[in-house]
Amino acid sequence: MKVIGNLTKDAIIRAAVSEGISVTQVIGTPTVFETAISNDIDIAYDSNAQKVVIAYKDVANSGYGTAIVGTVSGNAISFGSPVIFESAEANRTRIAYDVNAQKVVIAYQDSGNSAYGTAIVGTVSGTSISFGTAVVFDSVSTIVFDIEYDSNAQKLAIIHRRSDNQGRAIVGTVSGTSISFGTSVVFNAASTGRTRAAFDSTNNKFVFAYEDAGNSSHGAAIVGTISGTSISFGSEVVFEADTSSEIDLTFDTDSQKIVIGYRDQGDSNIGKAIVGTVSGTSISFGTPTAFGAGNDEYIAVVYDTDAQKIVVAYRDTTTDGKLNVGTVSGTSISFGDEVQFEAARSDYINAVYDPVQKRVVIAYKDVGNSSYGTAVVTKTGYTSATGGTIADGKPVIVNANGTVSTVSQSSISQALGNSVVFESANTVYTSITYDANAQKVVIAYRDGGNSAYGTAIVGTVSGTSISFGSPVVFESANSTYISATYDADNQKVVIAYSDAGNSGYGTAIVGTVSGTSISFGSATVFESALSEYISATYDSTNQKVVVAYSDGGNGYYGTSIVGTVSGTSISFGSATVFESASSDYVSATYDTNAQKVVIAYEDNGNSSHGTAIVGTVSGTAISFGSPVVFKASEAQHISTAFDSDTNKVIIAFRASDQGTAIVGTVSGTSVSFGSSAVFENANSNTFTATYDSNAKKIVIAYQDFANSKHGTFAVGALSGTSINFDSPVVFESANSDNLSAIYDATAQKVVIAYRDLGNSDYGTAIVLQNAATPTNITSENFVGFMDGAALDGTNGEILSSCSIARNQTSLTPGQTYFVTPAGALSTTAGSPSVTAGTAISSTELIVKG
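Residues numbered from 1 in each chain as written. Predicted model: local features only at pLDDT ≥ 70, side-chain atom pairs only at ≥ 80, totals over all residues. Heavy atoms only, no water.

### Section: the overall build of the protein chain
Move 1: Of regular secondary structure, the protein chain possesses zero helices and 74 strands.
Move 2: The C-alpha radius of gyration computed for the protein chain amounts to 31 Å, which stays within 12% of the reference 29 Å derived for 849 residues, consistent with globular compactness.
Move 3: Looking at the protein chain as a whole, 55% of its 849 residues are labelled buried.
Move 4: For the protein chain, the accessible surface area stands at approximately 29,500 Å², while carbon and sulfur atoms represent 41% of it.
Move 5: Taken together, the 42 basic and 75 acidic charged side chains of the protein chain have centroids lying 6 Å from each other. (Helix = DSSP H or I, 4+ residues; strand = E, 2+ residues; numbered from the N terminus. Rg over C-alpha atoms; globule rule 2.2 N^0.38 Å. Buried < 20%, exposed > 50% of the residue type's maximum accessible area, 1.4 Å probe, protein only. Areas by Shrake-Rupley, 256 points an atom, 1.4 Å probe, with all protein chains shown as cover. Lys, Arg positive; Asp, Glu negative; His and termini not counted. Charge placed at Lys NZ, Arg CZ, Asp CG, Glu CD.)

Have a look at this one:
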């Protein structure tokens, strides 16, 4: 019986409730709103109709100005039929919502009327929109930059420029289905680039941000005040003393700050954001912070009031649609990691916040899908330490600090970080491992830029980014067939390799990670002969390192040896042959459930069949069962991994040139296999497999010959002795080989190291976040059911072990129930399996004993 706090009668326990709110970021599925080329896209939110409205130029329909109404529901969006608002080419369409008039207003350049600046009022009804008569606001050729609503003056400001390129603004007043205007006012008498506006509702001021071509194209901002039908301005303030473009901005209502996003062309075209504070008719700025990696375009900035976060959407250096989430603190802003919302070139990006659905909606041109107009709904992730309530009858878990929380399950989207070079030279024989004590990854490799020396480097994962320390040589000679593993008990990295400077002898060395560096002891020879296809793994039961290899001094027989780490040294027992024939592509893993080593290899003595064998470590020796064929044909480029949730071994290999995987179950000293599954039905090789315990998925990275040898990965989920794969995903759009992958258990990310042949053969790494639905319940922390609702920060009573929870519904008497990962009751065990108790009536449950 688990006891928390003060035990009362009837196995009721009293504990403090800690029910913070945690929301996981979600990216919905992109939805096409226009099956034709769509340019000049902008989006607004109609708070009366509770709809989003997208305005755009329909290129397939003579460039006519068109609008469409979208309805957000959860993470999805649906659309009505498009409506033409201008039967002529409409350029630079911009849209805003007038809260007072409850109308949308679209401003644009009317190419059918001498390119005059024009505006039109729209009324949303259901899933459609109707329009009044278009009104010219400037009877000259006009470029429209933006339109924004002033909630204090209940007016709209349209920012534009004439052929003289001066920055101008004009105030519009909506009445019914029409709009009237004051006089155009110059805010920048020099050439003015893209200008966007935001309204500071605290100070009742507009802020215009723009590229000031009259001042070396610096990023500049100016504060405007509407009075009647006119607008006046303070003095210009430079926020970026470099060429600045792709500007957008928003107002953070919680921090009461303006946030400007822009491309800093003086710094590799990196996307940056800066926080501004309005005071009177001026604005001051903090220091800019990067949210992108370079060549960031079509930047859109919006504020999510639910998450209290800034969301920046943009097209990045890969031309994919990306977003990043920022948090304002004082005059600074910090960002997380880029997340992909569209895996193709994305143009004309704009975004709006739907406060009812608490979602950001991004509208854009999807160049990867025939340049169709497309929208995607995103939910911003955030964590609030307070504010939640645990309802009566809900299952709860005990936290490490003795408080209780409700059982919950979140959702994480798949995301790739940016590739990072760790070695600016030809890098081969790459092997990666994870040091759980230092919480770092270590990559071992042959450095072609330094006499092919064996080298290692320490990497630190943060989100989907990775940074590296300085490389350290572990062998001052040509080093091949490198394999790294981690000794968890001694908290050491062990690297096994073939030392070409010593006749290719099998050699091992112990490394100690400290901070972002690694130091090494003295090397130890474990095989005084040419050793190839070396693979090292760690037997956590016996606290030994096991090295499997092809012994060139003994007919290239498959051989294994046990190593014992002591301090910064390693010693070995006697070698044992596991296959009396030439053995290639040797790969070893450790089955923590069966407490056995499993070695997979290509058995050249048996028609090159894919074969596996189970090894048992005892002291400094290892013995083997009988070999088992897992593929009765040639199997190459073999890699093994262990799924600790299903307690299965996975072997990835090439068969008939296809990327293939198979699931193995260890029993005693043998292993049996299910049916193989193809994850890449084209020529592929250099496979590397690792298990992501957070996502509960196998990740196999490889070189896809059928797709220009691009670096690719496939994610698979086990079901019994079968494995099912999602569609492959490219992580590097260039020839990539010498791959090695590992799971970083602290960051809960997979790191893939590889040679990027598209970038001078440099050693490169990339971080993968798998889609996952993690839960906070374990087989140990379930404590019972709430007896009455309880707010965060208060004390609540929990019906614990052997008590009767009389606040349940729809139970079947006599049936055992389990707590699901999402916190519901089910007659089927989830993962993990947590027994809730036994039902004694439709509403009563004896809590598990």
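From this point on, the discussion continues.
### Let's talk about the side chain of Ser608
Move 1: Relative to the helices and strands, Ser608 is located in the loop between β52 (596-603) and β53 (609-618).
Move 2: For Ser608, a relative accessible area of 15% corresponds to the buried category.
Move 3: Excluding anything up to four places from it in sequence, Ser608 contacts Glu602, Asp603, Ser633, Glu634 and Ala635. (Contact = heavy atoms within 4.5 Å.)

### Focus: the packing of aromatic side chains
Move 1: In the structure shown here, the tally under the stated rule is 36 aromatic pairs.
Move 2: When the centroid spacing of 5.4 Å and the interplanar angle of 55° are considered together, the rings of Phe208 and Phe233 count as tilted. Taken together, the residues span a long stretch of sequence, with Phe208 in strand β19 (residues 205-212) and Phe233 in strand β21 (residues 230-233) at a distance of 25 residues.
Move 3: Exposure remark for Phe208: the relative accessible area of 0% places this residue in the buried category.
Move 4: The interplanar angle of 50° and the centroid separation of 5.3 Å between the aromatic rings of Tyr298 and Tyr348 together place this pair among those described as tilted. Here Tyr298 is found in strand β27 (residues 297-304), whereas its partner Tyr348 is found in strand β31 (residues 339-354), with 50 residues between them in sequence.
Move 5: We classify Tyr348 as partly exposed; its relative accessible area is 23%. (Phe/Tyr/Trp six-rings, centres within 6.5 Å; stacked < 30°, edge-to-face > 60°.)

### Examining the environment of Thr669
Move 1: Relative to the helices and strands, Thr669 is located in the loop between β58 (658-667) and β59 (670-673).
Move 2: Distance from Thr669 to Gly625, taken between C-alpha atoms, is 4.9 Å for residues 44 residues apart in sequence.
Move 3: Once you skip the residues sitting within four places of it in the chain, Thr669 turns out to touch Lys596, Val614, Thr616, Gly625 and Ser626.

### A few points about unusual backbone geometry
Where the residue is not glycine, phi is negative for most of them; where a peptide bond is considered, it is trans in most cases.
Move 1: Of the consecutive residues Ser831 and Pro832, the connecting peptide bond is found in the cis state with omega at 10°.
Move 2: The residue Pro832 is located in the loop between β72 (825-826) and β73 (835-839) in this model.
Move 3: One non-glycine residue, Ser656, adopts positive backbone phi at about 55°.

### Quick look at the sheet that holds β72
Move 1: On the basis of which strands lie adjacent, the open sheet formed by five strands has the order β70-β74-β73-β71-β72 and antiparallel pairing. Both outer strands of the open sheet, β70 (804-805) and β72, are each paired with one neighbouring strand and no more.
Move 2: Relative to strand β74 (residues 845-847), β73 runs antiparallel, the two sharing three bridges. Counterpart to Ala839 in the pairing with β74 is Leu845. (Pairing = 2+ DSSP bridges.)

### Examining the pattern of salt bridges
Move 1: Evaluation of the coordinates by the stated rule reveals 20 salt bridges.
Move 2: Close ionic contact of Arg194 with Glu246 constitutes a salt bridge, the shortest N to O distance being 3.9 Å. You can see Arg194 sitting in strand β18 (residues 185-200) and its partner Glu246 sitting in strand β22 (residues 237-252), a full 52 residues away along the chain.
Move 3: For Glu246, a relative accessible area of 16% translates into the label buried.
Move 4: By sharing partners, the salt bridges in this structure join Arg263, Glu297, Arg315, Arg345 and Asp347 into a single network. (Salt bridge = Lys/Arg side-chain N within 4 Å of Asp/Glu carboxyl O.)

### Topic: the confidence of the model for the protein chain
Move 1: Per-residue confidence for the protein chain gives a mean pLDDT of 94; residues scoring 70 or more make up 97%.
Move 2: Throughout residues 1-10 the model reports pLDDT below 50, and contacts reaching past four residues in sequence, or to other chains, amount to 25 contacts. (pLDDT = per-residue confidence, 0-100.)

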